[in-house]
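# Structural description and commentary
Listed below, chain by chain, are the residues.
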Amino acid sequence: MIEIHQLVKRYGEKTAVDGLDFTVRPGVVTGFLGPNGAGKSTTMRMIIGLDAPSSGSVQVNGRRYDQHSAPLQEVGALLEAKSIHPGRSAFNHLNALALTHGIPRRRVEEVIELAGLTGVARKRAGAFSLGMGQRLGIAAALLGDPQTVMLDEPVNGLDPEGVLWIRNLLTGLAAEGRTVFVSSHLMSEMAQTATDLIVVGRGRLLADTTVEQFIQDAGGHSVKVLTSQAARLRDLLAGPDVEITGAPGSEELTVSGLTARQIGAAAFDHGLPVYELTTQAVSLEEAFMAMTEDSVEYHGSTAPAPVRSVA
Ligand SMILES: Nc1ncnc2c1ncn2[C@@H]1O[C@H](COP(=O)(O)OP(=O)(O)OP(=O)(O)O)[C@@H](O)[C@H]1O
């Protein structure tokens, strides 16, 4: 559990974190989202005592980080790429950390395997790719078997297999009852991994919500349906909370208020052919951008994100 109360961090004139108040609960993955410069890394640094708050408080598992007698066993963190001695192997790096924190060597072997580093554990970390370095950082974060895991942009530099690995790792850690707090710029990535969301902009809390609620607030899911019997299907699906759009004579309908499964079952029951059923998350990325629009420090020219299909 991470508890943040009225947290403020000022660097001279700059207020990087401006009165944040939120709790990260155990048992689920919580995404920490916000545009560049929103204050995510600063908040994470304060959680593990790398930066002192100007005011307010941060507690991890009921205490300030520096009040824990074995902090590595309480919270494991991956902040920006760790400085690792380039000549040292992954094994030696982790083993040195373990030795200084009273962690058994057996656990070093375990995290090496968990992070998929077995084949390269004796190689120089200096020769690691960005993705391998990320895996090593995550192995180090998990070394103390911590109750709380906090990762800053963990998918940076990972290939699709690595991204999937992170997703499964995080949801697995949460399923074990741990607190999992993960920052990202990417709403679409978080939507697939996180249950809860904390959204910040210019150091302020913009939303403390669930992914599901965020999707609902953005207009909910809709389902694209292709059928040669569009008029009949439209009549069949009509209901008080159901909205159906589609050009007259077109085979394509967009349905909100029903799931793809409900639509497929209704069509099947009445013998109507369906050639496509695709659930569409309503511009999650756009909803996120709209919410954080006034909070973006560094604007570029951007085209709107396309509607994303979800399985
Ligand atoms: N040591 C520092 N000295 C001065 N300003 C800082 C310092 N660290 C962060 N800042 C400023 O505080 C603000 C928040 O930065 P922070 O790195 O926490 O944001 P972020 O949300 O993690 O951004 P990103 O997604 O780009 O990593 C930024 O405007 C940044 O320039």
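If you check an unreviewed UniProt entry, the protein chain appears there as ABC transporter ATP-binding protein from Streptacidiphilus cavernicola. According to the UniProt record, the Sequence similarities (unreviewed entry) comment for the protein chain is "Belongs to the ABC transporter superfamily."

All right, on to the environment of tyrosine 65 then. Turning to its location among the elements, tyrosine 65 is positioned in the loop between strand 4 (55-60) and helix 2 (71-74). Separated by 15 residues in sequence, tyrosine 65 and leucine 50 place their C-alpha atoms 9.7 Å apart. In contact with tyrosine 65, other than residues within four places in its own chain, are Ile47, Ile48, Gly49, Pro71 and Val75.

Another point: the packing of helix 9 (residues 230-237) against helix 10 (residues 260-269). In contact at an axis separation of 10 Å, helix 9 and helix 10 are set at 115 degrees when each is read in the N-to-C sense. The angle between helix 9 and helix 10 falls in the class roughly perpendicular. Considering the relative orientation of helix 9 and helix 10, their crossing is right-handed. Packed against helix 9, whose contacting residues are Leu233, Leu236 and Leu237, the element helix 10 presents Ile263, Ala266 and Ala267 at the interface. Of the residues that constitute the contact of helix 9 with helix 10, the class distribution is six nonpolar, no polar and no charged.

Turning next to the pattern of salt bridges. According to the stated counting rule, one finds 13 salt bridges in the structure shown. The salt bridge partner of aspartate 51 is lysine 9, with a shortest N-O separation of 4.0 Å. Taken together, the residues span a long stretch of sequence, with aspartate 51 in the loop between helix 1 (40-47) and strand 4 and lysine 9 in strand 1 (residues 2-11) at a distance of 42 residues. No difference in accessibility class separates aspartate 51 from lysine 9, as the two residues are buried. We note a salt bridge from aspartate 145 to arginine 178, for which the minimum N-O separation is 2.9 Å. In this pair, aspartate 145 sits in the loop between helix 5 (130-142) and strand 6 (148-152) while arginine 178 sits in the loop between helix 6 (160-175) and strand 7 (179-184), placing the two residues 33 residues apart along the sequence. On the accessibility criterion, aspartate 145 (42% relative accessible area) is partly exposed. For arginine 178, a relative accessible area of 13% gives the class buried. Here the residues in one salt-bridge network are Arg107, Glu110, Asp145, Glu176 and Arg178, joined through shared partners.

In space, the three strands of this open sheet follow the order 2-1-4, with antiparallel pairing throughout. Unpaired on one side and paired on the other, strand 2 (14-24) and strand 4 mark the two borders of the sheet. Strand-to-strand twist of the sheet, defined as the mean angle between neighbouring strand axes without regard to direction, takes the value 20 degrees. Across five bridges, the pairing between strand 1 and strand 4 is antiparallel. If you follow histidine 5 over to strand 4, its bridge partner there is serine 57. Its contacts with the sheet place helix 1 against strand 1, strand 2 and strand 4, and it is angled at close to 115 degrees to strand 1.

Viewed as axis vectors pointing N to C, helix 3 (residues 90-100) and helix 4 (residues 105-114) meet at an angle of 140 degrees, and their least axial separation amounts to 9 Å. Considering the angle they form, helix 3 stands oblique to helix 4. Helix 4 is crossed by helix 3, and the crossing has right-handed handedness. Residues Phe91, Leu94, Asn95 and Ala98 of helix 3 touch helix 4, and the partners they reach there are Arg105, Val108, Glu109, Val111 and Ile112.

Moving on, we come to unusual backbone geometry. With phi around 50 degrees, asparagine 61 is a residue other than glycine that occupies positive phi space. Residue placement: asparagine 61 occurs in the loop between strand 4 and helix 2. Despite not being glycine, arginine 202 has its phi angle at roughly 45 degrees, a positive value. With respect to the element layout, arginine 202 can be found in the loop between strand 8 (196-201) and strand 9 (204-210). We classify arginine 202 as partly exposed; its relative accessible area is 41%.

Basis of the calculations
- Residues numbered from 1 in each chain as written.
- Predicted model: local features only at pLDDT ≥ 70, side-chain atom pairs only at ≥ 80, totals over all residues.
- Heavy atoms only, no water.
- UniProt positions renumbered as here; feature names shortened; annotations may be inferred.
- Helix = DSSP H or I, 4+ residues; strand = E, 2+ residues; numbered from the N terminus.
- Contact = heavy atoms within 4.5 Å.
- Axes fitted to C-alpha atoms, helices over the stretch in contact; angles between N-to-C directions.
- Parallel < 35°, antiparallel > 145°, perpendicular 65-115°, else oblique.
- Left-handed = near helix turned anticlockwise from the far one by under 90°.
- Nonpolar A, V, L, I, M, F, W, Y, C, P; charged D, E, K, R; others polar.
- Salt bridge = Lys/Arg side-chain N within 4 Å of Asp/Glu carboxyl O.
- Buried < 20%, exposed > 50% of the residue type's maximum accessible area, 1.4 Å probe, protein only.
- Pairing = 2+ DSSP bridges.

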